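Single-letter residue listing:
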Amino acid sequence: MSGQIDSNFEDDVDFVKSTTNEVQSVSNTVDETQNQRKRTSRAWDHFTRQKIDGKIIASVSCQILSFKYVPCPHDAPTLLEALRSYLNDWKIEDKISTVTLENYNANDAMIDILKGQFEPGNFILKKRLLHVRCCAHILNLIVKEGLSVIGDSVDKIRNSVAYWSGTPKRHEKFEDTTRQLGVPYTKKISVDCVTRWNSTFLMLSTALSYKTVFERARLRELRLSCVLGFIP
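Residues numbered from 1 in each chain as written. Predicted model: local features only at pLDDT ≥ 70, side-chain atom pairs only at ≥ 80, totals over all residues. Heavy atoms only, no water.

What follows is about the pattern of salt bridges. Throughout the structure, instances matching the rule amount to five salt bridges. In this structure, the salt-bridge partner of Asp 108 is Arg 133, at a minimum N-O distance of 3.1 Å. Taken together, the positions of Asp 108 in helix H3 (residues 105–116) and Arg 133 in strand E5 (residues 131–133) put the pair 25 residues apart, joining distant regions of the chain. Exposure remark for Arg 133: the relative accessible area of 38% places this residue in the partly exposed category. When the shortest N-O distance is used, the salt bridge between Asp 155 and Arg 158 registers 2.9 Å. Of the two residues, Asp 155 and Arg 158 both sit in helix H5 (residues 151–164), three residues apart, roughly one turn of that helix. Note on Asp 155: relative accessible area 38%, which makes it partly exposed. What you see here is one network of salt bridges that share partners, running through Asp 155, Arg 158 and Asp 192. (Salt bridge = Lys/Arg side-chain N within 4 Å of Asp/Glu carboxyl O. Helix = DSSP H or I, 4+ residues; strand = E, 2+ residues; numbered from the N terminus. Buried < 20%, exposed > 50% of the residue type's maximum accessible area, 1.4 Å probe, protein only.)

If you want it as structure tokens, here you go:
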């Protein structure tokens, strides 16, 4: 089984490398995921092929090229080293058109260093379009700022969801309570990822449909001390 996976992986790598040899431009997107222990960097690219075998072909392909652990400190030189590493591995340094990044000061500083390492002619419009700010991350920052107005209530709901979904036994108790109250359990409760606003929305919308269940479950759980429940 593992041998087949390795074989398939090598075949995919060979195919993508053959694709990158044909493309004229590459748009890079880097997404950073951070927790208490580490930060990982995931990079994927959109390849634009314009001329193949003498024929003009407009096509775009998207591939994940890298997923790696980025050691501390997460400053501009370290992030640049991670970016340059996968660009070198795939031999696409001279085909960069844009780099899409989340809105962090370290990313801004990294782009400034990157611009200084290449001639202006290597980029579209002489580097003026090199740095693209991630619209999804901007939207996430806006929504998080709005949610801060009701931050205390969101935290209480998150604590309740975390408690009842924390172990299989507690989750079974929660499901039993939904059946006793005649509330259809069609959506499973789950804790959000605080860096993704849409996951917070899903957590809140799901929890809201079980408001009476949370109240009853809290009364039944005599040992419950961390769950604060809903704000009336």
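Next up on the list: the nonpolar core. Met 110 and Leu 114 are the most contacted members of the largest nonpolar core, which has 22 residues in total. Looking at this core, the elements that each hand over two or more residues are strand E1 (25–34), strand E3 (55–70), helix H2 (76–90), strand E4 (96–101) and H3. Core analysis: the next-biggest nonpolar cluster, separate from the first, contains 15 residues, Tyr 163, Phe 174, Ala 207 and Val 213 among them. (Core = buried A, V, L, I, M, F, W, Y, C linked by side-chain atoms within 4.5 Å.)

A turn of α-helix holds 3.6 residues, and therefore any two residues three or four places apart point the same way. With 14 residues, H5 extends 20 Å from end C-alpha to end C-alpha; this agrees with the ideal 20 Å at 1.5 Å per step. Residues Gly 151, Val 154, Ile 157, Arg 158, Ser 160, Val 161, Tyr 163 and Trp 164 constitute the buried set of H5. (Expected span 1.5 Å × (residues − 1).)

With that settled, consider the packing of helix H6 (residues 168–181) against helix H8 (residues 211–220). Running from amino to carboxyl end, H6 crosses H8 at an angle of 115°, the nearest separation of the two axes being 9 Å. Between H6 and H8 the crossing geometry is right-handed. Contacts between H6 and H8 involve Lys 173, Phe 174, Thr 177, Thr 178, Gln 180 and Leu 181 from the former and Thr 212, Val 213, Phe 214, Arg 216, Ala 217 and Arg 220 from the latter. Taken together, the residues of the contact of H6 with H8 break down into five nonpolar, four polar and three charged. (Axes fitted to C-alpha atoms, helices over the stretch in contact; angles between N-to-C directions. Left-handed = near helix turned anticlockwise from the far one by under 90°. Contact = heavy atoms within 4.5 Å. Nonpolar A, V, L, I, M, F, W, Y, C, P; charged D, E, K, R; others polar.)

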